[in-house]
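# Chains, contacts and geometry: an overview
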Amino acid sequence: MPHTKSPIPPVLPTQEQWDAIIQNDSAYDGTFFYAVKTTGIYCRPSCKSKPPLQQHVEIFPSPDRAAAAQFRPCKRCKPEGRQLPDEEWVLQLTELIQQRYAEPLPLQELADRIHGSPYHIQRTFSRIMGTTPAEYTQQIRIQQASRLLTTTKLPITEVAAAVGLTNASHFSTLFRKLTGKTPTEYRNLSLEKEALLDE
Ligand SMILES: [Zn+2]
């Protein structure tokens, strides 16, 4: 009798994965791929093609595994495309930090948002940017705080809170560390410069 390999049982979508498929949620792209038994095609979660019936869906961790199970890549969402190069990925991370610096941004949160492990993010970011995500976030916060100090009359505590640093004394220490001046000195200097220009 010919030897036949026992088939690996298909992996069915979790409720979370199924929701992602139905909502074409691009946040899940790269975290899993889904194949549809009736069409023989596999897709990214964000694919805009007609939603399949749930009982026909199988989940794969990578395009290679879906291809190994004889599924073909979808022409529409091109799931076989290579993963983002690290530079592109780090760029997305810096954009995310620039948009959300006013919120607490622990590494785990960044990791969840761009679907990487904290360890990998820390390493890749540091290699490409020469600074850790946390240090970069602080730089952005202080940059924004400098802008608020010179363009608004907000009290220091409010400037601190507006850039995501709710502890005002921590804010002042960090500000001084990165600019060499206290927030008040920084503001006064800018006022003096303006006064000179006005004369
Ligand atoms: Zn597709």
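Here the structure is shown first, and the text comes after it.
All of the points below concern the structure found in this document. Small disclaimer: the values here were computed from a predicted structure and weren't measured.

## Some thoughts on the overall build of the chain
In terms of helices and strands, the chain carries nine helices and four strands. In the chain, the succession of helices and strands from N to C terminus is α-β-β-β-α-β-α-α-α-α-α-α-α. Against the compact-globule benchmark of 16 Å for 199 residues, the chain has a radius of gyration of 25 Å, which places it well outside the compact range. Per-residue burial for the chain yields a buried fraction of 34% across its 199 residues. Considering only intrachain contacts with a sequence separation of at least 6, the fraction spanning at least 24 residues in the chain is 57%. For the chain, the accessible area works out to roughly 12700 Å², and carbon and sulfur atoms hold 54% of it. Here the chain holds 23 positive side-chain charges and 21 negative ones, and the gap between their average locations is 7 Å.

## Quick word on the pattern of salt bridges
Between side chains of opposite charge, a pair can form as their charged atoms come close. For the structure shown, the criterion picks out one salt bridge. Across the salt bridge formed by E103 and R100, the nearest N and O atoms sit 3.2 Å from each other.

## Observations concerning the nonpolar core
For soluble globular proteins, nonpolar side chains are generally found buried alongside one another. Among the nonpolar cores identified, the biggest contains 25 residues, and I97, V163 and F171 are the most heavily contacted of them. Of all the secondary-structure elements, those providing two or more residues to this core are helix 3 (86-100), helix 4 (107-114), helix 5 (118-129), helix 6 (133-151), helix 7 (156-162) and helix 8 (168-179). When residues of this core are assigned to their parent elements, the largest contribution, six residues, is made by helix 6. Not counting chain neighbours up to four residues away, the residues in contact with I97 comprise L105, L110, F125, P133, Y136, T137 and I140. Residues A20, I21, Y28 and I59 belong to the second largest nonpolar core, which totals 13 residues.

## Regarding the coordination of the zinc ion
Taken together, the protein ligands of the zinc ion are C43 (SG), C47 (SG), C74 (SG) and C77 (SG), with distances of 2.2 to 2.4 Å. Residue class for C43 comes out buried when judged on its relative accessible area of 4%.

## A short note on unusual backbone geometry
Note: most residues except glycine have negative phi, and most peptide bonds are trans. One non-glycine residue, N24, lies in the positive phi region at around 50°. Tracing the sequence through the fold places N24 in the loop between helix 1 (15-22) and strand 1 (33-36). Residue classification places N24 among the partly exposed positions, given a relative accessible area of 24%. Despite not being glycine, K78 shows a phi value in the positive range, around 45°. Mapped onto the secondary structure, K78 falls in the loop between strand 4 (72-73) and helix 3.

## So, the side chain of R141
Relative to the helices and strands, R141 resides in helix 6. No salt bridge forms around the buried R141; measuring N to O, its nearest opposite-charge neighbour E103 is 8.3 Å away. Separated by 3.1 Å, the side chains of R141 and Q138 make a polar contact. Each residue touching R141, except ones within four places of it in the same chain, is listed here: Y101, E103, P104, L105, V163, G164 and L165.

## Regarding helix 1
Considered for burial, the residues of helix 1 that qualify are Q17, W18, A20 and I21. Taken around the axis of helix 1, the buried residues stretch over an arc of 160°, which confines them to a single face. A positive phi of about 50° marks N24, the residue just after helix 1.

## Things to note about the sheet that holds strand 2 (residues 41-43)
The pairing of strands in a sheet comes from backbone hydrogen bonds and takes either a parallel or an antiparallel form. Pairing is mixed across the open sheet formed by four strands, whose spatial order is 3-1-2-4. Both edges of this open sheet fall to strand 3 (57-60) and strand 4, since each of them pairs with a single strand only. Of the pairings in the sheet, the one linking strand 1 to strand 2 comprises three bridges and is antiparallel in character. In the strand pairing of strand 2, A35 is matched with Y42.

About the cut-offs
- Residues numbered from 1 in each chain as written.
- Predicted model: local features only at pLDDT ≥ 70, side-chain atom pairs only at ≥ 80, totals over all residues.
- Heavy atoms only, no water.
- Helix = DSSP H or I, 4+ residues; strand = E, 2+ residues; numbered from the N terminus.
- Rg over C-alpha atoms; globule rule 2.2 N^0.38 Å.
- Buried < 20%, exposed > 50% of the residue type's maximum accessible area, 1.4 Å probe, protein only.
- Contact = heavy atoms within 4.5 Å.
- Areas by Shrake-Rupley, 256 points an atom, 1.4 Å probe, with all protein chains shown as cover.
- Lys, Arg positive; Asp, Glu negative; His and termini not counted.
- Charge placed at Lys NZ, Arg CZ, Asp CG, Glu CD.
- Salt bridge = Lys/Arg side-chain N within 4 Å of Asp/Glu carboxyl O.
- Core = buried A, V, L, I, M, F, W, Y, C linked by side-chain atoms within 4.5 Å.
- Donors = N, O, S within 2.8 Å, 3.2 Å for Na, K, Ca; no water.
- Polar contact = N/O pair within 3.5 Å; in protein donor to acceptor, adjacent residues only side chain to side chain.
- Arc of directions from axis to C-beta.
- Pairing = 2+ DSSP bridges.

Nothing here speaks to function; it is all geometry.
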